[in-house]
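Notes for the structure review
Letter by letter, the chains look like this.
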Amino acid sequence: METQNLSGLKRKDFQAVIQGKETDLYTLTNAHGMQVDITNYGGALVSIMVPDRNGNYANVVQGHDTVQGVVDSPEPFLSTLIGRYGNRICKGKFTMNGKEYSLAINNGPNALHGGPTGYHARVWDAEQINGQELVLRYVSAYYEEGFPGELQMTVKYSLTDDNELVIDYRGTTNKKTIVNMTHHGFFSLSGIANPTPEATNVMLEINADFYIPIDETSIPTGEILKVEGTPFDFRTPHAVGERIDADDQQIKNGAGYDHCFVLNKKEPSELSLAARMTEPVTGRTMEVYTTEPGVQFYSDNWATGYPGQCGATFPRRSGLCFEAQHFPDSPNRPYFPSVILKPGEVYTQKTIYKFGVDQ
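Throughout what follows, the structure given in this document is the object of discussion. (Residues numbered from 1 in each chain as written. Predicted model: local features only at pLDDT ≥ 70, side-chain atom pairs only at ≥ 80, totals over all residues. Heavy atoms only, no water.)

Taken across its 10 residues, strand β15 (residues 164-173) has eight buried, putting it largely inside the fold. Linking strand β14 (residues 151-159) back to β15 in an antiparallel pair, the connection comprises four residues, with Asn 163 at a positive phi of about 60°. (Buried < 20%, exposed > 50% of the residue type's maximum accessible area, 1.4 Å probe, protein only. Helix = DSSP H or I, 4+ residues; strand = E, 2+ residues; numbered from the N terminus. Pairing = 2+ DSSP bridges.)

What follows deals with the environment of Ser 190. You can see Ser 190 is positioned in the loop between β17 (182-183) and β18 (203-206). Residue classification places Ser 190 among the partly exposed residues on the basis of a relative accessible area of 24%. Apart from the residues lying within four places of it in its own chain, the contact partners of Ser 190 are Pro 197, Glu 279, Thr 282 and Arg 284. (Contact = heavy atoms within 4.5 Å.)

The calculated volume of the largest pocket comes to roughly 520 Å³. Taken together, 28 residues make up the lining of the largest pocket; nearest its centre are Arg 88, Asn 107, Leu 112, Tyr 298 and Trp 302. When grouped by side-chain class, the residues that make up the lining of the largest pocket number 11 nonpolar, 11 polar and six charged. Size it by volume and the second largest pocket reaches roughly 360 Å³. Ser 269, Glu 292, Pro 293, His 326 and Ser 338 are, among the 17 residues lining the second largest pocket, the residues nearest its centre. (1 Å grid on protein atoms, 1.4 Å probe; cavity = no way out; pocket = protein on both sides within 12 Å on 5 of 7 lines; lining within 4 Å. Points joined across faces, edges and corners; volume = space filled by probe spheres on them. Nonpolar A, V, L, I, M, F, W, Y, C, P; charged D, E, K, R; others polar.)

Looking now at the side chain of Asp 329. Its place among the elements puts Asp 329 in the loop between β28 (321-325) and β29 (340-341). Among the polar contacts listed, one links the side chain of Asp 329 to the backbone nitrogen of Cys 90, at a separation of 2.9 Å. Those residues in contact with Asp 329, other than ones at most four positions away along the chain, are Tyr 85, Arg 88, Ile 89, Cys 90, Ile 219 and Pro 220. (Polar contact = N/O pair within 3.5 Å; in protein donor to acceptor, adjacent residues only side chain to side chain.)

A word on the pattern of salt bridges. Applying the stated rule across the entire model yields 15 salt bridges. Residue Asp 125 is joined to Lys 21 by a salt bridge in which the shortest nitrogen-to-oxygen separation is 3.4 Å. Of this pair, Asp 125 sits in strand β12 (residues 125-130) while Lys 21 sits in strand β2 (residues 21-23), and the two are 104 residues apart along the sequence. Among the residues examined, Asp 125 registers a relative accessible area of 43% and is labelled partly exposed. Using a relative accessible area of 27% as the deciding quantity, one classes Lys 21 as partly exposed. Between Arg 137 and Glu 127 there is a salt bridge, with its nearest N and O atoms 3.0 Å apart. One end of the pair, Arg 137, is in strand β13 (residues 133-140); the other, Glu 127, is in strand β12, with 10 residues separating them in the sequence. (Salt bridge = Lys/Arg side-chain N within 4 Å of Asp/Glu carboxyl O.)

Take the sheet that holds strand β4 (residues 35-39) next. Paired through their backbone hydrogen bonds, the strands of a sheet run either parallel or antiparallel. The sheet built from four strands is open, its strands ordered β3-β4-β5-β6 with antiparallel pairing. Two strands in the sheet have a free side with no partner beyond their single neighbour: β3 (25-29) and β6 (57-59). Strand-to-strand twist in this sheet, taken as the mean axis angle between neighbours without regard to direction, amounts to 15°. Pairing of β3 with β4 involves five bridges; the strand directions are antiparallel. The residue bridging Tyr 26 from the neighbouring strand is Ile 38, located in β4. (Axes fitted to C-alpha atoms, helices over the stretch in contact; angles between N-to-C directions.)

This next bit is on the pairing of strand β9 (residues 93-96). As a general feature of sheets, a regular strand has side chains that alternate between the two faces. The alternating pattern of β9 places Phe 94 and Met 96 on a buried face, while none of Lys 93 and Thr 95, on the opposite face, is buried. When β9 meets strand β10 (residues 99-102), the two strands line up antiparallel, connected through four bridges. Bridged to Met 96 within β10 is Lys 99.

Strands sit in the order β12-β13-β14-β15-β30-β24-β23-β18-β21 across an open sheet of nine strands; the sheet is antiparallel. Two strands close off the open sheet at either side, each with one partner strand: β12 and β21 (238-239). Strand direction decides the pairing type here: strand β24 (residues 284-290) and strand β30 (residues 347-357), joined by seven bridges, are antiparallel. Bridging across to β30, Arg 284 finds its partner in Val 357.

Tracing the sequence through the fold places Asp 233 in the loop between β20 (225-226) and β21. With a relative accessible area of 14%, Asp 233 lands in the buried category. Sequence separation between Asp 233 and Gly 222 is 11 residues, and the spatial gap between their C-alpha atoms is 19 Å. Look past the residues within four positions of Asp 233 in its chain and what remains in contact with it is Val 227, Glu 228, His 238 and Arg 243. A distance of 2.9 Å separates polar atoms of two side chains, one belonging to Asp 233 and the other to Arg 235.

Quick look at the structure:
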């Protein structure tokens, strides 16, 4: 039966057999009428329907309106789950217990987001618990994409009556491995459209005194620098576009913002505010809370205006990404927080995207 869907997406357009598994569309609805659509192909968010200050609902996440669209997307990580390792690993190599591991190279000379057939390109087993909770499970085989250990990952999406989309991760391994899960939502608080407006007028705060500079291939230099006096200082609200093309080597290296911010934490793994943004025209707001030490802020610097769901198109800088995570290239930086998971340990991560309106 076709359920009424605010976004205009049709469940049948997400029902297919891929990798020998069935794909589908799952809808979460809260007491206020906010609605989230998720497909179990890559755990992709394909709609988040939230009201503006006048009560008008729009979809604020970029995606596609068929499962084949998700599979064939010009942006393979468009609003999907990312694993085993979010962000980049230098030259796709790391050493653990004296043994060197080699991963697929899919971003210049480096490995990015778990490789070309990472978690974003896998069909997850799905169980809708109720109208507000969806659980996805995936078992990543030993040496899948070059990673050691069989990793069992569970991701739960919950839509609360506080207009929070909560993403809970839980993972276990049978051999020592590395894990750095994240979600790569491309958020357009103005609402997706043809074309989706640039997000450069969004007012942004990031709760970080430090950030991680990168080289010209987007690998951390190894330094951790103060944001003070740089285009990366979002400790007070600034428009995203205010300094996005600044004459600054780090901005040039990222073609805009594509950097990991070191979040201010009172203690490791505490659930705390990472970022807050406000779209001034619609009044829509989004807050990001996470247990992770970092958040990668990416200003969608490479989009080409490709088509998305329901006739929308996605030009350059029309989406903003806040990927809560451990730091890039951590396996090669022993002084960064560890990403190693051992047998008997449990990997956990929680990130919350909370939506509201600024009157």
